[in-house]
Number of protein chains: 2
Amino acid sequence: MLNKDHPRYQSLVYREKIVEAHKNGILADSGMIAHGRGETFDYLIGEKTTDNSHNTIDVSACYFLTSKHPVLSVNGNTTALVAEDIARLSKLLDIPVEINLYYRTSERVANIEKVYMDLGVDNLLGTDEDDFIDTPDLNGPRSPVSIEGIKKADLVFIPLEDGDRAEKLAQNGKNIISVDLNPLSRTAQTSTVTIVDNIVRVLPELINSIEKHVDMPRSQLEDKINGFNNKDNLDRAINDIITRF
Amino acid sequence: MLNKDHPRYQSLVYREKIVEAHKNGILADSGMIAHGRGETFDYLIGEKTTDNSHNTIDVSACYFLTSKHPVLSVNGNTTALVAEDIARLSKLLDIPVEINLYYRTSERVANIEKVYMDLGVDNLLGTDEDDFIDTPDLNGPRSPVSIEGIKKADLVFIPLEDGDRAEKLAQNGKNIISVDLNPLSRTAQTSTVTIVDNIVRVLPELINSIEKHVDMPRSQLEDKINGFNNKDNLDRAINDIITRF
């Protein structure tokens, strides 16, 4: 098995999770390649949560606590890596999880659905039994969105998302929190808040931060949101990478 | 099928080749993830061959033309992406191709062997019929090396190779030419010549360069080799990435 002394042991653990999810029909082929792209960016940022990322996670917590209808959009990679944390977050805030796949097949949806059912997620949208909306502006090249989920949402959490979808959500006036290791990506550039960090480190931190902010007055949460500028955040993230070379 | 107007169409073509090779038992799961890591680095260098890379390819051509026993070490990713060019290079220089896999299985070796046999490569080593040497310093965690191939070689061409193997080849006094998009990797840092570029662009350029240098006096080829410093090359490659941000 894996050698715990390997300098990048944690990275190898998550790589195994990805391979396992691919075998189990949760992840498309392209999802494995996408994981590799993420590994490189994580390597470039030093495989740790920066101060800037910590701040961005706190701002995200404020968005979750001040939005009316947040929804957690999940795909194969998110499910492979952090399904347990997604389930915790859904329960903590009582908000839906929506399965939204780039390469949607009934089989993959069913496999992912089972993961969240087994984790006790009741509020699960985007399954094949869901009521979907069929508007070209929100659907584009990938799966349609749920009427009770993304269509209704004012805040959409899209970890590991594609740029096309992010742009369409933004055009539809949604606030978007994305988790994207590439600060130059279209998703990163389009989002309201871009957490430039590895999803496996972000989710536990985000849950902690929400618990820390939950009793704070709404005005303070809004001050924190208003003091945030995503362009500055991305500039800092790029700078963090450059200064590591 | 793929849209030719996509800004990163070429990258998607090669991604499809990788997925196809995985389906055909040529590529291990980890090879798909490794391809994704490469995509990110290629994106960072701008998906083009830099002036510095052109020069490094020319120096590599000089090494090929002045070495006694060059060998082309190939794995699943190299085979998936550039088997035709490897076959051309093997015939042009009359040098062996050695199959050398990190996750060696008889099935994968047979599948890769078939690719090169179909391309008319006669001098194929590292198959299950080969005579292997079993010395711990050269074998390490991965497949053993061929007596007629890497064991005997003075120059080993290792595209898309792992750091452990590169370090062992260097310790055994081999000259190494690697193709590695990550200028910070152990493979890159250990090699005699590191071509920081995408293998799919390197191979056709390398063949051109060899044809251009083939009639040059040996002293001129050696001058070019002696004027090259891999540390400077890697510094320039890193600088090329930084200045793109």
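Owing to the predicted nature of the structure, the values given are computational and were not obtained by experimental measurement.

Lay out the relation of the copies chain B and chain A in plain terms, naming residues and giving numbers.
The second copy of the chain is related to the first by a rotation about an axis and a shift along the axis. With an RMSD of 0.0 Å, chain B superimposes on chain A once it is rotated by 180 degrees and translated 0.0 Å along the axis. Between the two chains, the operation in question is that of a two-fold axis. Interface residue correspondence from chain B to chain A reaches 100%, placing this contact among same-surface, isologous pairings.

Quick rundown of the sheet that holds strand E3 (residues 124–125) of chain B? Include the residues and the values.
Residues and elements named next belong to chain B. Pairing in this open sheet of 6 strands is parallel, and the strands run E3-E2-E1-E6-E7-E8 from one edge to the other. Edge positions in the sheet fall to E3 and strand E8 (193–195), since each has one partner strand and no second. Pairing of strand E2 (residues 97–99) with E3 involves 2 bridges; the strand directions are parallel. Across the sheet, the residue bridging to Glu-98 is Leu-125, located in E3. Relative to strand E6 (residues 155–159), helix H9 (residues 199–213) is tilted by about 145 degrees, and along the sheet it contacts E6, strand E7 (175–179) and E8.

For the nonpolar core, give the residues involved together with the corresponding values.
Counting residues in hydrophobic clusters, the biggest one holds 94 residues, and the most contacted among them are A:Phe64, A:Ile86, A:Phe157, B:Phe64, B:Ile86 and B:Phe157. Once you skip the residues sitting within four places of it in the chain, A:Phe157 turns out to touch A:Phe64, A:Val71, A:Leu72, A:Ser73, A:Ile86, A:Ile177, A:Val179, A:Leu203 and A:Leu206. Formed by 10 residues, the second largest nonpolar core is a distinct cluster that contains A:Leu44, A:Ile45, B:Leu44 and B:Leu181.

Any details on the confidence of the model for chain A? Residues and values, ideally.
For any part of a model where pLDDT is low, the fine detail of the predicted coordinates should not be relied upon. Here chain A averages 91 in pLDDT, while 94% of its residues score no lower than 70. Listed scores for the predicted complex are pTM 0.85 and ipTM 0.79.

Just give me the short version of the pattern of salt bridges, but keep the residues and values in it.
Side chains that carry opposite charge are capable of pairing whenever their charged atoms lie near each other. Enumeration according to the criterion identifies 26 salt bridges over all chains in this entry. A:Arg37 serves as the salt-bridge partner of B:Glu39, at 2.6 Å between the closest nitrogen and oxygen. Of this pair, B:Glu39 sits in helix H2 (residues 29–45) while A:Arg37 sits in helix H2 (residues 29–45), each in a different chain. Since its relative accessible area comes to 6%, B:Glu39 is described here as buried. The class for A:Arg37 is partly exposed, based on a relative accessible area of 24%. One salt-bridge network, held together by shared partners, links A:Arg15, A:Glu39 and B:Arg37.

What counts and how
Residues numbered from 1 in each chain as written. Chains lettered and ligands numbered in written order. Predicted model: local features only at pLDDT ≥ 70, side-chain atom pairs only at ≥ 80, totals over all residues. Heavy atoms only, no water. Least-squares fit on C-alpha atoms with pLDDT ≥ 70 in both. Contact = heavy atoms within 4.5 Å. Pairing = 2+ DSSP bridges. Helix = DSSP H or I, 4+ residues; strand = E, 2+ residues; numbered from the N terminus. Axes fitted to C-alpha atoms, helices over the stretch in contact; angles between N-to-C directions. Core = buried A, V, L, I, M, F, W, Y, C linked by side-chain atoms within 4.5 Å. Buried < 20%, exposed > 50% of the residue type's maximum accessible area, 1.4 Å probe, protein only. pLDDT = per-residue confidence, 0-100. Salt bridge = Lys/Arg side-chain N within 4 Å of Asp/Glu carboxyl O.

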